[in-house]
Amino acid sequence: MTNLTYDDIFKNLVKSAYDGDLEQEIEKIKNQGGNHAEAYIQYATGGGDPDKVVFKVKDCDMNCGCNDQGCQVSCLMNAIDRDEKGNVVIRTGDCNDCGDCVNLCEHDCLVDKKEFIPLVEVLKDRKVPVYAIIAPAFIGQFGSEVTPGKMRAALKRLGFYGMVEVALFADILTFREALEFDAHVRKEGDFVLTSMCCPMWVSMVKKVYKQLAPHITPSVSPMVACGRGVKKMHPDAKVVFIGPCIAKKAEAKEPDVKDAVDVVITFKELKQIFEAVGINPAEVEEDEKEHSSTGGRIYARTGGVSKAVADTLKRIRPDKPIQIKAVQAHGVKECRKMLQDALEGKLIANFYEGMGCIGGCVGGPHVLIDPAQGTKLVNDYGEEANSLTPADNKYVLTLLKSLGFDEIEDLFDEEKAKIFSRTFNI
């Protein structure tokens, strides 16, 4: 067992944590795992700077083989340089921990912190309720036979109390975005930038296109909304977000929203966890419970937010003279161009949606299937919903009441709507 990869070490540590011999496995890996084993162990067990996600473990040089499309090119904030020897240097002040460089590094020089192992004992002793909240992009990621009900059952086998589809809270935020649009787009030339879903998109606006920040709608992401909603209903609970995105690990640490989610794991990591403990989600029993609408389910793909909000606005404000005219961009290059055009007054829409990954969340760095297939499966799952918009979804309306919102307009009440709001300070 020499020169283990970072992923190998993570899987070994997960298995040993569930088996109760984590310390022994750590010593074994230190002795046999290669030159950088201790650093990999540190980050695979959630160590390192608590406010950081991306770490450099070892040097690479210009012969690493990924210079043309690698870490330096991928960096959204131009935070990666190379020294005179060609080795990667991360400018910490510019890095926003989006993790795109990690996904492209083929040599484990750059790694993202994995936060699951410190949670294992909590899951095993079950004294504290731990809820999994799973991103809309999950459908089909773990195989065609893995239904939402099977995924819920598999997560319960890991020790989770339950699973909530974040799509339910995407439905609630769709209401908010529709109301925000209604309030702020009153005449031709008015426009909004949706703040939801993608932390890379929000970072671009906040750090590069600051002049556009006043146009960002003040909604939290569906992940944050769901985490806060679960904790409002279960105040002693811990919340684990599961999704395709490394950048969500950084978002969960942002000061104004860090109350919402305790741990973030990716689809890739969850697959490794299932493999390490011998759980095959396709073979477990069904545990069905979800009631999200089409709108919430299609947030996972490019254009999903725009369609959901546009459909909902038509439903709740059918007489509004200016309806949503949306434009979307996906991938950093397209997002930059769209924001630059908006900054220069080349407005072609009144609702701007950006996703940092090609295809949206279905194209995230830790997805398990092809983005085109992911988009199809997300659309199919959306079509299976019993309601098109949250306005027609009795389960969403019931959920809103349980959170203290008696009327849809209460989502505009400053005090009541705190759990779904944030301020984008520049």
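I will try to describe carefully the structure that is included in this document. Please read all numbers here as calculations on a predicted model, not as lab measurements.

Right, let's get into the packing of aromatic side chains. Applying the stated criterion across every chain, the model contains 9 aromatic pairs. Residues Tyr6 and Tyr40 carry aromatic rings whose centres are separated by 5.5 Å and whose planes lie at 45 degrees to one another, so their mutual orientation is tilted. Note that Tyr6 is positioned in helix H1 (residues 6-19) and Tyr40 in helix H3 (residues 37-44), a separation of 34 residues in sequence. Of the two residues, Tyr6 and Tyr40, both sit in the buried class. Geometrically, the ring pair formed by Tyr43 and Phe55 is stacked, given 4.2 Å between the ring centres and 15 degrees between the ring planes. Of this pair, Tyr43 sits in helix H3 while Phe55 is found in strand E1 (residues 54-56), placing the two residues 12 residues apart along the sequence. In this pair, the class of Tyr43 matches that of Phe55, namely buried. Members of the aromatic cluster, connected to one another through ring pairs, are Phe142, Phe267 and Phe274.

Below, the discussion takes up the side chain of Ser219. Residue placement: Ser219 occurs in the loop between helix H9 (199-207) and helix H10 (222-233). The class for Ser219 is buried, based on a relative accessible area of 1%. Among the polar contacts listed, one links the side chain of Ser219 to the side chain of Arg176, at a separation of 3.2 Å. Of the polar contacts made by the side chain of Ser219, one reaches the side chain of Glu177; its length is 3.0 Å.

The subject of this paragraph is helix H17 (residues 394-402). The complete set of buried residues in H17 reads Val396, Leu399 and Leu400. Mapping the buried residues of H17 onto a view down its axis gives an arc of 100 degrees, with all of them on the same face. Exposed residues pointing more than 90 degrees away from the buried face of H17 are listed as Lys394, Thr398 and Lys401. In this fold, the buried residues of H17 make contact with helix H8 (167-184) and H10. For H17, the capping residue at the N-terminal end is Asn393, with a side-chain oxygen 3.0 Å from the backbone nitrogen of Tyr395. One or two steps after H17, the chain reaches Gly404, where phi turns positive at roughly 95 degrees.

This paragraph deals with the nonpolar core. Judged by nonpolar contacts, the single largest core of 133 residues is most densely connected at Phe116, Ile133, Leu155, Phe169 and Phe420. Top contributing element to this core by residue count: H8, with 9 residues. Ignoring sequence-local partners within four residues, the contact set of Leu155 consists of Ala132, Phe160, Met163, Ile242, Leu270 and Phe274.

Right, let's talk about the pairing of strand E10 (residues 326-330) for a bit. Judged by which residues are buried, E10 turns out to be one-sided: Val327 and Ala329 face inward and are buried, whereas Ala326, Gln328 and His330, on the alternate face, are not. Sheet topology places E10 next to strand E11 (residues 351-355); 5 bridges connect them, and they run parallel. Along E11, the bridge assignment pairs Gln328 with Glu353. With respect to chirality, the unit in which E10 leads through helix H15 (residues 332-343) into the neighbouring parallel E11 is right-handed.

A word on the state of the cysteines. Applying the stated criterion across every chain, the model contains 0 disulfides. The thiol sulfur of Cys226 is not disulfide-bonded, and the nearest other cysteine sulfur, from Cys197, lies at 13 Å.

This part is about the pattern of salt bridges. Scanning the entire structure with this criterion turns up 30 salt bridges. Residue Lys253 is joined to Glu115 by a salt bridge in which the shortest nitrogen-to-oxygen separation is 2.7 Å. Placement of the pair is Lys253 in the loop between helix H11 (247-251) and strand E9 (263-266) and Glu115 in the loop between strand E4 (110-112) and helix H6 (120-125), with a sequence separation of 138 residues. The class for Glu115 is buried, based on a relative accessible area of 11%. With a shortest N-O distance of 3.0 Å, Lys346 and Glu344 are connected by a salt bridge. Look at Lys346 and you get partly exposed, because its relative accessible area is 48%.

Below, the discussion takes up the environment of Arg152. Checked against the element boundaries, Arg152 lands in helix H7 (residues 148-158). The exposure class assigned to Arg152 is buried, which follows from its relative accessible area of 1%. In this structure the side chain of Arg152 is engaged in a polar contact, spanning 3.3 Å, whose partner is the backbone oxygen of Met163.

So, on to H15. Taking 1.5 Å per residue as the helical rise, H15 with its 12 residues ought to reach 16 Å, and the 16 Å between its terminal C-alpha atoms agrees with that figure. The complete set of buried residues in H15 reads Val332, Cys335, Met338, Leu339, Asp341 and Ala342. Contacts from the buried residues of H15 go to strand E7 (192-193), H9, E10 and E11. Looking one or two places after H15, you find Gly345, whose phi comes out positive at around 80 degrees.

Quick notes on the rules
- Residues numbered from 1 in each chain as written.
- Predicted model: local features only at pLDDT ≥ 70, side-chain atom pairs only at ≥ 80, totals over all residues.
- Heavy atoms only, no water.
- Phe/Tyr/Trp six-rings, centres within 6.5 Å; stacked < 30°, edge-to-face > 60°.
- Helix = DSSP H or I, 4+ residues; strand = E, 2+ residues; numbered from the N terminus.
- Buried < 20%, exposed > 50% of the residue type's maximum accessible area, 1.4 Å probe, protein only.
- Polar contact = N/O pair within 3.5 Å; in protein donor to acceptor, adjacent residues only side chain to side chain.
- Arc of directions from axis to C-beta.
- Contact = heavy atoms within 4.5 Å.
- Core = buried A, V, L, I, M, F, W, Y, C linked by side-chain atoms within 4.5 Å.
- Pairing = 2+ DSSP bridges.
- Right-handed = clockwise from strand over helix to strand, strands pointing away.
- Disulfide = S-S within 2.5 Å.
- Salt bridge = Lys/Arg side-chain N within 4 Å of Asp/Glu carboxyl O.
- Expected span 1.5 Å × (residues − 1).

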